[in-house]
Amino acid sequence: MPNRKIINQLIQLQELIVARMQTRAAQSKIPLDALDRSIALLGSDLAQPVKAHVNRLLQKHPEAVVPIIDEHCTGCGIQLTRSLINDVLRADDLHRCSHCARYLYYPSNVVARERASRVYGEKQKMGIARFSAPSLMVAPLSGGTPEEVLGEMCMRMQQESFIASADQLLDLALQREAIVSTAVHGSLAFPHVRGVEGGGLTLALGVHRKGIHFGGPGRSLTRIFFFMVIPTATSAFYLKLLAGLSQTFREAEARQALLAAAGDPDELWKKLVRQTRNTVK
Ligand SMILES: [Zn+2]
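Just so you know, these numbers come straight off a predicted model, no measurement behind them. (Residues numbered from 1 in each chain as written. Predicted model: local features only at pLDDT ≥ 70, side-chain atom pairs only at ≥ 80, totals over all residues. Heavy atoms only, no water.)

A. Representation of the packing of aromatic side chains in the model. Overall, the coordinates contain three aromatic pairs when judged by the stated rule. Taking the centre distance of 5.5 Å and the plane angle of 15° together, the rings of Phe-190 and Phe-226 count as stacked. Of the two residues, Phe-190 is situated in the loop between β6 (188-189) and β7 (192-196) and Phe-226 in strand β9 (residues 221-231); the sequence distance between them amounts to 36 residues. For the pair formed by Phe-190 and Phe-226, the shared burial category is buried. Taking 5.0 Å as the distance between ring centres and 80° as the angle between the ring planes, the aromatic pair formed by Phe-214 and Phe-225 counts as edge-to-face. Residue Phe-214 is found in the loop between β8 (202-213) and β9, and its partner Phe-225 is found in strand β9; the two are separated by eleven residues along the sequence. An identical accessibility class is assigned to Phe-214 and Phe-225; each is buried. Here a set of aromatic residues connected by ring pairs shows up, and it is made of Phe-190, Phe-226 and Phe-249. (Phe/Tyr/Trp six-rings, centres within 6.5 Å; stacked < 30°, edge-to-face > 60°. Helix = DSSP H or I, 4+ residues; strand = E, 2+ residues; numbered from the N terminus. Buried < 20%, exposed > 50% of the residue type's maximum accessible area, 1.4 Å probe, protein only.)

B. View of the coordination of the zinc ion. Looking at the metal site, the zinc ion is ligated by Cys-73 (SG), Cys-76 (SG), Cys-97 (SG) and Cys-100 (SG), spaced 2.3 to 2.4 Å from it. Coordination at the zinc ion comes from four donor atoms whose angles at the metal span 108 to 112°, giving a geometry best classed as tetrahedral. For the zinc ion, all donor residues lie on one chain, and their spacing in sequence is C-x2-C-x20-C-x2-C. Of the two residues, Cys-73 sits in strand β2 (residues 72-73) while Cys-100 sits in the loop between α4 (82-90) and β3 (103-105), which places them 27 residues apart along the sequence. For the pair Cys-73 and Cys-100, one class covers both residues: buried. (Donors = N, O, S within 2.8 Å, 3.2 Å for Na, K, Ca; no water. Tetrahedral: all angles 85-135°; square planar, octahedral: opposite > 155°, others 65-115°.)

C. Structural detail: the layout of surface pockets. Taken as a whole, the largest pocket holds about 580 Å³ of empty space. Those elements that place two or more of their residues in the lining of the largest pocket are α1 (2-25), β1 (65-69), α7 (166-179) and β7. Among the elements that line the lining of the largest pocket, the one with the most residues is α1, at six residues. Split into classes, the residues belonging to the lining of the largest pocket amount to eleven nonpolar, nine polar and five charged. (1 Å grid on protein atoms, 1.4 Å probe; cavity = no way out; pocket = protein on both sides within 12 Å on 5 of 7 lines; lining within 4 Å. Points joined across faces, edges and corners; volume = space filled by probe spheres on them. Nonpolar A, V, L, I, M, F, W, Y, C, P; charged D, E, K, R; others polar.)

D. Looking closely at a negative patch on the surface. A cluster of acidic side chains, namely Glu-147, Glu-148, Asp-167 and Asp-171, defines a negative patch on the protein surface. When contributions to the negative patch are tallied by element, the ones reaching two or more residues are α6 (146-159) and α7. With respect to the secondary-structure elements, Glu-147 resides in helix α6. (Patch = residues over 30% accessible without salt bridge, like charges linked within 9 Å, V, L, I, M, F, W, Y side chains within 5 Å. Areas by Shrake-Rupley, 256 points an atom, 1.4 Å probe, with all protein chains shown as cover. Salt bridge = Lys/Arg side-chain N within 4 Å of Asp/Glu carboxyl O. Lys, Arg positive; Asp, Glu negative; His and termini not counted. Charge placed at Lys NZ, Arg CZ, Asp CG, Glu CD.)

E. The pairing of strand β4 (residues 137-141), seen in detail. Across the five residues of β4, four count as buried, placing the element largely inside the fold. With three bridges joining them, β4 and β8 adopt parallel strand pairing. Bridging from a neighbouring strand, Leu-141 pairs with His-208 of β8. (Pairing = 2+ DSSP bridges.)

F. Just the sheet that holds β2, in detail. Taken in spatial order, the three strands of this open sheet run β2-β1-β3, and their pairing is mixed. Each of the sheet's edge strands pairs with one partner strand only, and the pair in question is β2 and β3. By the bridge criterion, three bridges tie β1 to β3 in an arrangement that is parallel. Paired with Val-65 across the strands is Tyr-103, a residue of β3.

Below, the structure written as structure tokens:
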């Protein structure tokens, strides 16, 4: 299935390009050379028209390659024709959405959402409460490896009925970390899973007292984990949320406020709300 291989390559390329945008949003001092090299390498054996189209799409949206879910393009929401869906399933060539021109693929792994409608229900929430909740504060994290720490946060999302399967979410989060680590300077990491089915953008916050090796720059330890589950339709919100979090928590004082609440989830929630009051709207 040659198309599947190209699609996987496009998904990886897309993640790297978004990671580059994230790093810039954080106005981090990390040199972008390593990311740029990976992007060039991954892009080098794509056909020129494909590469050009992906770059064009990415200038407009953070998603150039999107899954088909329930017969709909998750990029623009349009219902796709049976024949186009069959073409994508046959996977003999790359196919684009007839409406938004994003590349389409058929996901082998779909994270089901359950509770979103209750959580994001009638009452309009403000600020960070639109994306998270006190029950999604995982503090303190106790694991010693990326798998254990991400596993704790996936399990919490399952217990709180934000997702159906913690195991599946964990697999996807680890696959994403394998492309390029989401750890950045300042003991922060922004692990995430994109392209899930339905629901809203969901953020869990985990704080680790001692910190773990999560692939941070210069083997630095990571202590604060903003773990995000991102339905494709909310990708634009995701970049805004990420920019807001980055802006707030590149200040050492703001990070210290979260670390001081590592043992108390209620206190951690209050700190998160207070610190992001002006940056996450
Ligand atoms: Zn579309």
